[in-house]
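Coordinates in review
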Amino acid sequence: MPIEASCHCGETVFEVTEGPSSVTRCTCTLCAKRGALWAYYKPAQFRLLSPPENVATYLWGSRTVKHHFCATCGCGTYSESPDWSTGKPDFDNPKVAVNARLFDDFDLEAVPVNVIDGRNLW
């Protein structure tokens, strides 16, 4: 069952095909300052429902990850990146990380949180 998510002001809205079985808290400086809990999906499992111009993008460091946020209220919404599960970027297997804190009508407290030490990994 699809789950919809929205930023604070409602100008950026997206949906994913299903709820996550777990979420990730990354300790890198960007994620820590954003306060996001990430749920990972394949691009086909993600759909932006609002106009693309409602979304702004931040590129940092290697510029391989597109960190998106609402152009109106600034909420960190989702990121597009290669798969990094091996420690190296796999551009053949892109991922969409969505900020699970933005899910509407979803019990985020019911899913486990995994912690990644991003502060020391990259």
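Because the structure is a prediction, the values reported are computed rather than measured. (Residues numbered from 1 in each chain as written. Predicted model: local features only at pLDDT ≥ 70, side-chain atom pairs only at ≥ 80, totals over all residues. Heavy atoms only, no water.)

1. Brief notes about the overall build of the protein chain
Here is the rule we go by: Secondary structure elements are defined from DSSP: runs of H or I of at least 4 residues count as helices, runs of E of at least 2 residues count as strands, and each element is numbered from the N terminus. Here the radius of gyration uses the C-alpha set of atoms, whereas the globule reference equals 2.2 Å times the residue count to the power 0.38. Exposure classes here rest on a 1.4 Å probe applied to the protein chains alone. A residue is buried below 20% of its type maximum, exposed above 50%, and partly exposed in between.
The helix and strand inventory of the protein chain stands at two helices and 10 strands. What you see in the protein chain, going N to C, is helices and strands ordered as β-β-β-α-β-β-β-β-β-β-β-α. For the protein chain, the C-alpha radius of gyration of 14 Å lies close to 14 Å, the compact-globule estimate for 122 residues. Oriented by its inertia axes, the alpha-carbon framework of the protein chain measures out at about 35 × 30 × 30 Å. Burial analysis of the protein chain (122 residues in total) assigns 39% to the buried set.

2. Comments concerning the sheet that holds strand β5 (residues 46-48)
Short version of the rule: By this definition, two strands are paired if DSSP reports at least two bridges between them. Between N-to-C directions, angles cover 0 to 180 degrees, with each direction set by a line fitted to C-alpha atoms, over the stretch in contact for helices.
Spatially, three strands are ordered β1-β2-β5 in an open sheet, and the strand pairing comes out antiparallel. Of all the strands in the sheet, the pair left with one neighbour each is β1 (3-6) and β5. Pairs of neighbouring strands in the sheet enclose a mean axial angle of 20°, with direction left out of account. Here strand β2 (residues 13-16) runs beside β5; their pairing, made up of three bridges, is antiparallel. Each bridged residue has a counterpart across the sheet, and for valine 16 the counterpart in β5 is phenylalanine 46.

3. Observations regarding the pattern of salt bridges
The condition is simple: We define a salt bridge as a contact between a side-chain nitrogen of Lys or Arg and a carboxyl oxygen of Asp or Glu at a distance within 4 Å.
Using the criterion set out here, one finds one salt bridge in the structure. The partner of arginine 47 in a salt bridge is glutamate 15, with the nearest N and O atoms 2.8 Å apart. Of this pair, arginine 47 sits in strand β5 while glutamate 15 sits in strand β2, and the two are 32 residues apart along the sequence.

4. Re the side chain of histidine 67
For clarity, the cut-off: Polar contact criterion, stated in full: a pair of N or O atoms within 3.5 Å, where within protein one must be able to donate a hydrogen and the other to accept it, and residues adjacent in sequence count only if both atoms are side-chain atoms. Here, two residues are considered to be in contact whenever any of their heavy atoms come within 4.5 Å of each other.
Position of histidine 67 among the secondary structure elements: in strand β7 (residues 66-70). Residue classification places histidine 67 among the buried positions, given a relative accessible area of 13%. A distance of 3.2 Å separates polar atoms of two side chains, one belonging to histidine 67 and the other to serine 79. When near neighbours in sequence (up to four residues on either side) are disregarded, histidine 67 contacts Leu30, Arg34, Ala56, Thr57, Tyr58, Tyr78 and Ser79.

5. Digging into the nonpolar core
What counts is decided by this rule: The set of buried Ala, Val, Leu, Ile, Met, Phe, Trp, Tyr and Cys residues whose side-chain atoms join them within 4.5 Å is what this entry labels a nonpolar core.
In terms of nonpolar packing, the biggest core is built from 18 residues, with Val98 and Phe103 touching the most fellow members. Every element with two or more residues in this core is listed here: β1, β2, β4 (38-41) and β9 (90-99). In contact with valine 98, other than residues within four places in its own chain, are Phe14, Val16, Leu37, Trp38, Ala39, Tyr41, Phe46, Thr77, Tyr78 and Phe103. With six residues, the next largest nonpolar core counts Cys26, Cys28, Cys31 and Ala36 among its residues.

6. What to know about the packing of aromatic side chains
The condition that has to hold: Pairing of aromatic side chains here covers Phe, Tyr and the six-membered ring of Trp, requires ring centres within 6.5 Å, and sorts the geometry by plane angle: under 30 degrees stacked, over 60 edge-to-face, intermediate tilted.
Throughout the structure, instances matching the rule amount to four aromatic pairs. For the pair phenylalanine 14 and phenylalanine 46, a centre-to-centre distance of 5.4 Å together with 35° between the ring planes defines the contact as tilted. Of this pair, phenylalanine 14 sits in strand β2 while phenylalanine 46 sits in strand β5, and the two are 32 residues apart along the sequence. The class of phenylalanine 46 is buried, set by a relative accessible area of 15%. Every member of this aromatic cluster is reached through a ring pair, and the members are Phe14, Phe46 and Tyr78.

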